[in-house]
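Listed here are the chains, written in short residue letters.
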Amino acid sequence: MRRFAKSVTQQEAIGDDAIASAVAVLQSGRLHRYNLAEGEAGETALLESEFAASLGVDYALACASGGYALQLALRACGLAAGDKVLCNAFTLSPVPGSIVAAGGEAVLVDILDDTTVDSADLDRAARESGARFFVLSHMRGHIGDMDAIVAVCESHGIVLIEDCAHTMGAAYRGRPSGTFGKVGCFSTQTYKHINSGEGGLLATSDADVMRRAVILSGSYMLYDRHLAAPAPESFAETRLLTPNMSGRMDNLRAAILRPQLAELERRKARWNVLYERMEKRLADVPNVQRIARPVEEDFVGSSIQFRLPGVAGDVISRFVEGCEARGIPLKWYGKPVPEDYTSRYDSWGYLANTRSLPAADRVLATLCDLRLPLTFDQADCDDIVALMSAAMDEAVQHPQPLSDRTFGSS
Ligand SMILES: *Cc1c(COP(=O)(O)O)cnc(C)c1O
């Protein structure tokens, strides 16, 4: 059987400019963000000011991970132990994890057929729970109806925190993703849009939130070494009332990220070439329903999703197996057993969810996902879709006994 030879988890190499910056940090020995020579700004502080400028916000904070940024955002916005926090039912496990880590209780909100959050259910969940916070994941880069979402949040006095792990570089009606809520949180983990292995960024224009976030992140009394934070004099109160929850970024990772941030627009264009090619080709695969994207959405196509509505679980299971056998590791959210990265709310038993989420159940049962690393080209996209078509034909026409019984439709 012909196989696709490239790996969907292979990102591009770190560029020479980033490597040179990293080597300079290593040679200096000053890896800690507050370990600065006389007159030196430091890579981490520079990354923060460049990132804030790229979004048009007043403040940015670099930290240990995207999940950590979400935790900080919730705490900095005033979450108290036991507070309810709304969150889309379709997200990645670090999101409910960050809510629990901050002492909150996640309340799941149903989604629409395009996988974005259902603002009518958001309104219901807000009324039922009395939650004061909403962590909105722009999951897999899909940005929902921001007008409706923001309106629901405003009508209930809910603090909106955006999880932009998949929307760094994206916008909605020209406004950067991450600037609709009080705080935007980003990840620089390897599979996101800029890669430092691990890392997170938090963006806000709210001075109170930023002061708390800086101290929470582990600034000690060195907050005056930030370039994208409120004036040091304004920390007089916050500095003695805010715990240090150590989770800083270091200069080495920041050094690798700065040249990548400068490259983001070009990367986005390259990703969208791959996305458009895949999207176009997928139209010819039987049973595949592509996900409609609103004109307001200016996305970064670093992965692609499609649905197989009306296709039985055992057929999807054979299709996914057939793709796997052809070297294409599709993620199928309907898989009964959680594997790999978990994104299905029923894998998170610690949440004790009580809300019924019929649309999430129905949509995720037939939703598939494929990463589009920049190590792919357009010919690869054609190749992948041709192999997927063959797998679909086989799954539909020549049912084989399942090789893995736990893997079927139930
Ligand atoms: C990756 C990711 C995160 C968290 O990022 P980490 O840096 O890995 O903690 C949060 N939300 C979503 C949707 C993600 O994909």
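Relevant structure appears above.
Residues numbered from 1 in each chain as written. Predicted model: local features only at pLDDT ≥ 70, side-chain atom pairs only at ≥ 80, totals over all residues. Heavy atoms only, no water.

Turning our attention to a nonpolar patch on the surface. Residues Met221, Leu240 and Leu241 make up a contiguous nonpolar surface patch of about 350 Å² in total accessible area. Mapped onto the secondary structure, Leu241 falls in helix 8 (residues 238–241). (Patch = residues over 30% accessible without salt bridge, like charges linked within 9 Å, V, L, I, M, F, W, Y side chains within 5 Å. Areas by Shrake-Rupley, 256 points an atom, 1.4 Å probe, with all protein chains shown as cover. Salt bridge = Lys/Arg side-chain N within 4 Å of Asp/Glu carboxyl O. Helix = DSSP H or I, 4+ residues; strand = E, 2+ residues; numbered from the N terminus.)

Once that is clear, we can look at the pairing of strand 4 (residues 133–137). Most of strand 4 sits inside the fold, with five of its five residues counted as buried. On strand 4, burial covers both faces: Phe133, Val135 and Ser137 on one face and Phe134 and Leu136 on the other are all buried. The pairing of strand 2 (residues 84–88) with strand 4 spans three bridges and is classified as parallel. When the bridges of strand 4 are listed, Cys87 appears paired with Val135. Relative to strand 5 (residues 159–163), strand 4 runs parallel, the two being bridged by five bridges. (Buried < 20%, exposed > 50% of the residue type's maximum accessible area, 1.4 Å probe, protein only. Pairing = 2+ DSSP bridges.)

We now examine the pattern of salt bridges. Counted according to the given criterion, the structure contains 29 salt bridges. Linking Arg362 and Asp113 is a salt bridge whose minimum nitrogen-to-oxygen distance equals 2.9 Å. In this pair, Arg362 sits in helix 12 (residues 358–365) while Asp113 sits in the loop between strand 3 (105–109) and helix 5 (119–129), placing the two residues 249 residues apart along the sequence. With a relative accessible area of 37%, Asp113 lands in the partly exposed category. One network of salt bridges, in which partners are shared, links Asp121, Arg124, Glu128 and Arg355.

For the rest of this paragraph, the subject is the site of the ligand. The immediate surroundings of the ligand are formed by 14 residues, with Gly66, Asp163, His166, Ser187 and Lys192 found nearest. In the environment of the ligand, an oxygen atom lies 2.6 Å from a nitrogen or oxygen atom belonging to the side chain of His166. For the ligand, whose free accessible area comes to 380 Å², the fraction covered by protein is 93%. Elements with a minimum of two residues in the shell around the ligand: helix 3 (66–76) and helix 4 (94–101). Classifying every residue of the shell around the ligand gives five nonpolar, seven polar and two charged. (Near = heavy atom within 4 Å. Polar contact = N/O pair within 3.5 Å; in protein donor to acceptor, adjacent residues only side chain to side chain. Nonpolar A, V, L, I, M, F, W, Y, C, P; charged D, E, K, R; others polar.)

In this section: the packing of helix 3 against helix 4. At their nearest, the axes of helix 3 and helix 4 sit 8 Å apart, and the two run at 40° to each other. In terms of orientation, helix 3 lies oblique with respect to helix 4. Two packed elements cross with a definite hand, and for helix 3 against helix 4 that hand is right-handed. Residues Gly67, Leu70, Gln71, Leu74 and Arg75 of helix 3 form the contact with helix 4, whose own contacting residues are Pro94, Val95, Ser98, Ile99 and Ala101. Its residues assigned to classes, the contact of helix 3 with helix 4 comprises six nonpolar, three polar and one charged. (Axes fitted to C-alpha atoms, helices over the stretch in contact; angles between N-to-C directions. Parallel < 35°, antiparallel > 145°, perpendicular 65-115°, else oblique. Left-handed = near helix turned anticlockwise from the far one by under 90°. Contact = heavy atoms within 4.5 Å.)

Attention shifts here to helix 12. Residues Ala359, Ala360, Val363 and Leu364 constitute the buried set of helix 12. Across the axial projection of helix 12, the buried residues extend over an arc of 115°, all falling on one side. Packing partners of the buried residues in helix 12 comprise strand 12 (303–307), strand 13 (331–332) and strand 14 (367–371). (Arc of directions from axis to C-beta.)

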